[in-house]
Amino acid sequence: MANRIGLINTYSTLNIGDAAIYSALASMVEPAEVVAQVQDIEPLPVPGVSFPAELGSCDALISVGGDIFNNGREWLITRTFLQNLKQLRHDPSHTVLFGQSIPRSCHGLSFQALVLCLKRLAGVCVRDAESHRRLRQAGVKAILSYDAAFALTLHPRAEAEASRLFRDAGIEPSRAALLSVRGFDRMYVHNPATFQDQLVELSQLLLGRGLQPVVLIQSKAYGADNDLAVAQALTERVPQLASFNPFQEGSGLAGWQLVMGALKLASLTVAVRYHTAVLALAAGRVPFNLHYSNKGRDLSERLGVVGCGLESFEPSTQLETILESGQRRFNDGEIRRQVRHDLRQILDPVLDGRW
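Residues numbered from 1 in each chain as written. Predicted model: local features only at pLDDT ≥ 70, side-chain atom pairs only at ≥ 80, totals over all residues. Heavy atoms only, no water.

**Q** Before we go on, may I ask you to explain the overall build of the chain in this structure?
**A** Each helix and strand in the chain was counted, giving 12 helices and 13 strands. The C-alpha atoms of the chain give a radius of gyration of 20 Å, which matches the 20 Å a tight globule of 355 residues would have. With the principal axes as the frame, the chain shows a C-alpha extent of 55 × 45 × 35 Å. A separation threshold of at least 6 residues defines the contact pool for the chain, and within that pool the share at least 24 residues apart is 73%. For the chain, the exposed surface amounts to about 14500 Å²; the carbon and sulfur share of it is 49%. Distance between charge centroids for the chain: 4 Å, based on 35 positive and 35 negative side chains. (Helix = DSSP H or I, 4+ residues; strand = E, 2+ residues; numbered from the N terminus. Rg over C-alpha atoms; globule rule 2.2 N^0.38 Å. Contact = heavy atoms within 4.5 Å. Areas by Shrake-Rupley, 256 points an atom, 1.4 Å probe, with all protein chains shown as cover. Lys, Arg positive; Asp, Glu negative; His and termini not counted. Charge placed at Lys NZ, Arg CZ, Asp CG, Glu CD.)

**Q** Would you explain the sheet that holds strand β8 (residues 176-180) in this entry?
**A** Strands in a sheet are paired, the pairing made by backbone hydrogen bonds, and the direction either parallel or antiparallel. Reading across from one edge, β10-β9-β8-β11-β12-β13 is the order of the six strands in this open sheet, with parallel pairing throughout. Two strands bound the open sheet, and with one partner strand each, they are β10 (242-244) and β13 (307-309). The sheet shows a mean angle of 20 degrees between the axes of neighbouring strands, taken without regard to direction. The pairing of strand β11 (residues 268-271) with strand β12 (residues 288-291) spans two bridges and is classified as parallel. (Pairing = 2+ DSSP bridges. Axes fitted to C-alpha atoms, helices over the stretch in contact; angles between N-to-C directions.)

**Q** Where do I start with the nonpolar core in this structure?
**A** Most often, soluble globular proteins keep nonpolar side chains buried together rather than apart. L25, I62, F98 and L279 are the most contacted members of the largest nonpolar core, which has 103 residues in total. Per element, the largest residue contribution to this core is nine residues, and it comes from helix α1 (residues 16-28). The residues touching L25, leaving out its near neighbours within four places in the chain, are L7, I62, V64, F98, A148 and L343. With 23 residues, the next largest nonpolar core counts C106, V115, C117 and A142 among its residues. (Core = buried A, V, L, I, M, F, W, Y, C linked by side-chain atoms within 4.5 Å. Buried < 20%, exposed > 50% of the residue type's maximum accessible area, 1.4 Å probe, protein only.)

**Q** For this particular structure, what's the right way to read the state of the cysteines?
**A** Simply put, disulfide is the name for a covalent bond between the sulfur atoms of two cysteines. Summed over all chains, the structure comprises zero disulfides. Free of any disulfide, C58 has its nearest cysteine sulfur in C117, 19 Å distant. (Disulfide = S-S within 2.5 Å.)

**Q** Teacher, can you tell me more about the pairing of β8 here?
**A** On any regular strand, side chains alternate: one points to one face of the sheet, the next to the other face. Among the five residues in β8, five count as buried, and that is most of the element. The pairing of β8 with strand β9 (residues 212-216) spans five bridges and is parallel. Paired with A176 across the bridge in β9 is Q212.

**Q** Is there a simple way to explain helix α9 (residues 274-282) in this structure?
**A** Given 3.6 residues per helical turn, the α-helix brings residues three or four places apart onto the same face. Of all the nine residues making up α9, nine are buried; the element is thus mostly covered by neighbouring parts of the structure. Turning to α9, its buried residues are Y274, H275, T276, A277, V278, L279, A280, L281 and A282. Just past α9, the residue G284 takes up positive phi, approximately 85 degrees.

**Q** Teacher, can you tell me more about the environment of I8 here?
**A** When you line up the elements, I8 lands in strand β1 (residues 4-8). With relative accessibility at 4%, the residue I8 sits in the buried group. For the pair I8 and R175, spaced 167 residues apart in sequence, the C-alpha to C-alpha distance is 40 Å. Residues contacting I8, with those up to four places away along its chain left out, are L55, L61, I62, S63, V64, Q87, L88 and T95.

**Q** Hey, could you run me through the environment of G255 in this one?
**A** Here G255 lies in helix α8 (residues 255-265). The sequence separation of G255 and E54 amounts to 201 residues, and the corresponding C-alpha distance is 25 Å. With sequence-adjacent residues up to four places away left out, G255 is seen in contact with I16 and P246.

Below, the structure written as structure tokens:
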């Protein structure tokens with residue numbers, strides 16, 4: 001009988017990065033049954049994962065997500081943060097944490113509370129060096145790997161369907177310059193007006209080089225985590241901007257599959273969102289990594305991905321580097337094998353080798 005594995009600390013299928021993580025984990029534990037619960041009223045389909053009303057009895061639990069331990073009230077502990085800790089405490093001897101980051105908003109009392117929970121888990125594996133250093137210094141026996149979505153591969157129809165979506169929007173894929181966007185709030189501090197100014201200037205520069213700037217819609221989730229509003233504001237200022245929206249199509253592919261196809265085809269990608277960079281690399285392409293947190297910076301530091309911090313981004317100064325990044329290719333096979341190995345390393349002991 002196949003194992004039943006539950007995903008905990010989940011977020012939403014309306015964020016393509018999170019959906020990609022869920023699918024990636026499911027692909028790495030096949031033929032296990034993978035179940036999860038999210039806050040969406042009607043979860044979007046995620047290959048390999050089902051969303052029952054209750055998780056039920058599971059052979060193992062994997063704490064997923066990315067920055068799920070963000071603590072919005074830095075000197076206190078939020079209710080959401082406590083709810084996430086409660087999930088870790090439910091069955092710690094059968095729970096592993098894989099591919100997460102410890103955001104800087106988690107410090108002081110909240111970090112101490114998280115450390116106490118993590119010390120009881122069967123295994124802990126994080127995706128960036130800063131999180132790894134913080135946990136090791138606090139006495140957590142964490143190992144360092146990469147994001148789970150690196151385990152994904154291109155769907156056989158991904159490029160064809162992404163090409164169709166590009167052309168339906170009047171975009172020649174070879175001229176497309178994909179720009180991922182996001183809103184900013186107290187979880188991720190950056191001035192939204194400054195960010196829009198930066199993207200407007202970049203779009204105009206790309207148009208001047210004969211490229212078509214295209215806003216990549218990667219999330220339509222909650223609060224600031226909704227790219228549609230940012231895309232609309234940018235389009236009002238640069239009417240020539242186009243959009244690639246994987247949520248509005250009928251190919252039968254998941255959003256992350258279409259995004260990987262688009263990232264593979266596009267002339268270049270400027271990755272503001274972390275999973276834009278991860279999915280581009282998993283598709284064998286090198287993005288310009290315009291990072292805003294430790295997780296994004298880690299990709300540049302450990303993998304040598306060209307880019308800079310969003311706070312120091314000057315489009316005119318870095319345009320040539322952005323254009324050159326589109327010519328680079330990435331060896332995705334090696335990192336995919338590493339991620340699969342690292343998950344097995346912490347999960348196998350929980351399942352007693354029953355795969």
